[in-house]
Amino acid sequence: MDAEAQERFREFVAGRSTALLRTAVLLSGGDRHAAEDLLQNALVKAAGRWQRIDEPEAYVRQILYRQQISRWRLKWRRREVTVAEPPEAGHAPDVSGAAELRLVLRTALSRLTARQRTVLVLRYFEDLPEAEVARILGCSVGTVRSTTHRSLARLRQLAPELAGFGPRPRQRSHDFSPVEVRP
């Protein structure tokens, strides 16, 4: 890589790594260390092809998604034992309701399967259409829909305090009477 390409790569990493790390954290179920590894591996792969990449952020995100898929498809998974982190000095605790909801959501997401978590991140955090999620995951749109449905149901079961947020399940009516449409 020449000096100009190296500088463009450094600028990209400096400007977009925070947003990419957020996505990686969500994909890894809130495990920041795994997310950092995921992002670092994606950036290393992107650096090797940097001069041939037209849309760097889309390319790196695609690598993130595919690496996460590879992780949950592995038959043998290495799991590290996590321990509580020491509290950081000098920071006042965030007592707002939004912070509490983020913690509840992170905990609930970490209890989903990697596939369920990945589908929800792609659909609702990345705001991708079902067809695009299906293309990224290498499955059918129907699989994305059913996985999304089951994932949201499980998320609601794990964290009922999130009931007021996000998409709601459709109510199915057995009444087949015509619906009045108002202009």
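Computed from a prediction, not measured in an experiment: that's the story for all the values here. (Residues numbered from 1 in each chain as written. Predicted model: local features only at pLDDT ≥ 70, side-chain atom pairs only at ≥ 80, totals over all residues. Heavy atoms only, no water.)

Trainee: I'd like to hear about the nonpolar core, residue by residue, with values.
Mentor: By size, the foremost hydrophobic cluster in this structure holds 32 residues, and its most contacted members are Leu-39, Val-60, Leu-64, Leu-122 and Leu-137. Listing elements by their share of this core, those giving two or more residues are α1 (3-27), α2 (32-48), α3 (56-73), α5 (114-125) and α6 (130-137). With 8 residues, α1 is the largest single contributor of residues to this core. Setting aside residues up to four positions removed in sequence, Leu-137 forms contacts with Ile-69, Trp-72, Arg-73, Thr-118, Val-119 and Leu-122. The next biggest cluster of nonpolar side chains, apart from the first, holds 10 residues, and it includes Leu-109, Leu-152, Leu-155 and Ala-159. (Core = buried A, V, L, I, M, F, W, Y, C linked by side-chain atoms within 4.5 Å. Buried < 20%, exposed > 50% of the residue type's maximum accessible area, 1.4 Å probe, protein only. Helix = DSSP H or I, 4+ residues; strand = E, 2+ residues; numbered from the N terminus. Contact = heavy atoms within 4.5 Å.)

Trainee: Got a sec to walk through the packing of α1 against α2? Specific residues and values, please.
Mentor: At a minimum axis separation of 9 Å, α1 and α2 run at an interaxial angle of 140°. Between α1 and α2, the interaxial angle falls into the category oblique. Crossing hand, α1 versus α2: right-handed. Across the interface between the two elements, Phe-9, Phe-12, Val-13, Ser-17, Leu-20, Leu-21, Ala-24, Val-25 and Leu-27 from α1 touch Arg-32, Ala-35, Glu-36, Leu-38, Leu-39, Leu-43 and Ala-47 from α2. Its residues assigned to classes, the contact of α1 with α2 comprises 13 nonpolar, 1 polar and 2 charged. (Axes fitted to C-alpha atoms, helices over the stretch in contact; angles between N-to-C directions. Parallel < 35°, antiparallel > 145°, perpendicular 65-115°, else oblique. Left-handed = near helix turned anticlockwise from the far one by under 90°. Nonpolar A, V, L, I, M, F, W, Y, C, P; charged D, E, K, R; others polar.)

Trainee: Help me get a handle on α1, residues and values and all.
Mentor: The principal kink in α1, of about 55°, is found at Arg-16. Of the positions making up α1, those classed as buried are Ala-5, Phe-9, Phe-12, Ala-19, Leu-20, Leu-21, Thr-23, Ala-24, Val-25 and Leu-27. Where α1 is buried, its residues meet α2, α3 and α5. (Bend = angle between axes of the 7 residues up to and from the residue.)

Trainee: Lay out the environment of Ala-34 in plain terms, naming residues and giving numbers.
Mentor: Turning to its location among the elements, Ala-34 is positioned in helix α2. Owing to a relative accessible area of 19%, Ala-34 belongs among the buried residues under this scheme. Residues Ala-34 and Ala-24 lie 10 residues apart in sequence; the distance between their C-alpha atoms is 8.2 Å. Beyond its immediate sequence surroundings of up to four residues, Ala-34 is in contact with Ser-28 and Arg-71.

Trainee: So what's going on with the packing of aromatic side chains? Residues and values would help.
Mentor: Within the structure shown, the criterion is met by 2 aromatic pairs. A centroid spacing of 5.0 Å and a plane angle of 80° characterise the contact between Phe-9 and Trp-50, whose relative ring orientation is edge-to-face. You can see Phe-9 sitting in helix α1 and its partner Trp-50 sitting in the loop between α2 and α3, a full 41 residues away along the chain. What makes Phe-9 buried here is its relative accessible area of 15%. Here Trp-50 falls in the buried class, since its relative accessible area comes to 6%. Seen from their ring centres, Phe-12 and Trp-50 are 5.4 Å apart, and the 45° between their planes marks the pair as tilted. Of this pair, Phe-12 sits in helix α1 while Trp-50 sits in the loop between α2 and α3; the two residues are 38 residues apart in sequence, bridging distant segments of the chain. (Phe/Tyr/Trp six-rings, centres within 6.5 Å; stacked < 30°, edge-to-face > 60°.)

Trainee: Outline helix α7 (residues 141-158), listing residues and values.
Mentor: Given 3.6 residues per turn, any residue in an α-helix points the same way as the ones three and four places further on. Over its 18 residues, α7 extends 25 Å from the first C-alpha to the last, a length consistent with the 26 Å expected when each residue adds 1.5 Å. Along α7, the residues classified as buried are Val-144, Thr-147, Thr-148, Ser-151, Leu-152, Leu-155 and Leu-158. Seen end-on, α7 carries its buried residues on one side only, within an arc spanning 135°. Across from the buried face of α7, at angles greater than 90 degrees, the exposed residues are His-149 and Gln-157. (Expected span 1.5 Å × (residues − 1). Arc of directions from axis to C-beta.)

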